[in-house]
Amino acid sequence: MLVSPADVVARAKATIKECTVSEAKEVLTPSTLLIDIREPAEFGRGYIPGAVLSPRGLLEFEIHPLVQRTATDPNVAAEDRQIILYCGTGGRSALGAETLNKMGYRNVTSMDGGIVAWSTAGLPVDTPT
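Residues numbered from 1 in each chain as written. Predicted model: local features only at pLDDT ≥ 70, side-chain atom pairs only at ≥ 80, totals over all residues. Heavy atoms only, no water.

Digging into the packing of aromatic side chains
Then comes step 1: Inspection of the entire model under this criterion finds one aromatic pair.
Then comes step 2: Arranged with centres 4.3 Å apart and planes meeting at 10°, the rings of Phe43 and Tyr47 form a pair that is stacked.
Then comes step 3: Exposure remark for Phe43: the relative accessible area of 13% places this residue in the buried category. (Phe/Tyr/Trp six-rings, centres within 6.5 Å; stacked < 30°, edge-to-face > 60°. Buried < 20%, exposed > 50% of the residue type's maximum accessible area, 1.4 Å probe, protein only.)

Okay, structure coming up:
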């Protein structure tokens, strides 16, 4: 029996932490690793200030060096680093959060609604120069 993409995302969402846009905004600090997991062309149209790009297809391969490279507190273990993932509307970030949890990261959150919800809330969006 085939499973729809919506079913796969729903199953992932049942196992991960999610936050709203307003909750994400409240917890964003310089030590939070905010990852945009959309494709480069999507990122080029606008991203949340402070986000780093790691497309969904590369996330598993880039996450360890990304966490190490962006560490701001040597007293926080890599697996405990606060990570917030976002995509366009929240599906890919849910799948990414599920994967990072399986890889041993314990403080991963998917931002429900993605950058669409962020923009709709009137929050700032940067574009590459």
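Here's the deal with the sheet that holds strand S2 (residues 33–36)
Then comes step 1: Reading across from one edge, S1-S5-S4-S2-S3 is the order of the five strands in this open sheet, with parallel pairing throughout. Taken across any chain shown, the strands that pair with only one partner, and hence form the sheet edges, are strand S1 (17–19) and strand S3 (52–53).
Then comes step 2: In this structure, S2 lies alongside strand S4 (residues 83–86), joined through four bridges in parallel fashion. Its bridge partner being in S4, Leu34 is matched across the sheet by Ile84.
Then comes step 3: Across the face of the sheet, helix H5 (residues 91–102) comes into contact with S4 and strand S5 (108–111) while running at roughly 175° to S5. (Pairing = 2+ DSSP bridges. Helix = DSSP H or I, 4+ residues; strand = E, 2+ residues; numbered from the N terminus. Contact = heavy atoms within 4.5 Å. Axes fitted to C-alpha atoms, helices over the stretch in contact; angles between N-to-C directions.)

So, the nonpolar core
Then comes step 1: Formed by 17 residues in total, the largest nonpolar core has its most connected members in Ile35, Ile63, Ile83, Leu85 and Leu100.
Then comes step 2: Among the secondary structure elements, those contributing two or more residues to this core are S2, helix H4 (59–69), S4 and H5.
Then comes step 3: Sorting elements by how many residues they give to this core places H4 first, with four residues.
Then comes step 4: Non-local contacts of Leu85, meaning those with residues more than four positions away in its chain, are made with Ile35, Ile37, Leu59, Ser93, Gly96, Ala97, Leu100, Val108, Thr109, Ser110 and Met111.
Then comes step 5: Residues Val21, Ile48, Ile84 and Tyr86 belong to the second largest nonpolar core, which totals 14 residues. (Core = buried A, V, L, I, M, F, W, Y, C linked by side-chain atoms within 4.5 Å.)

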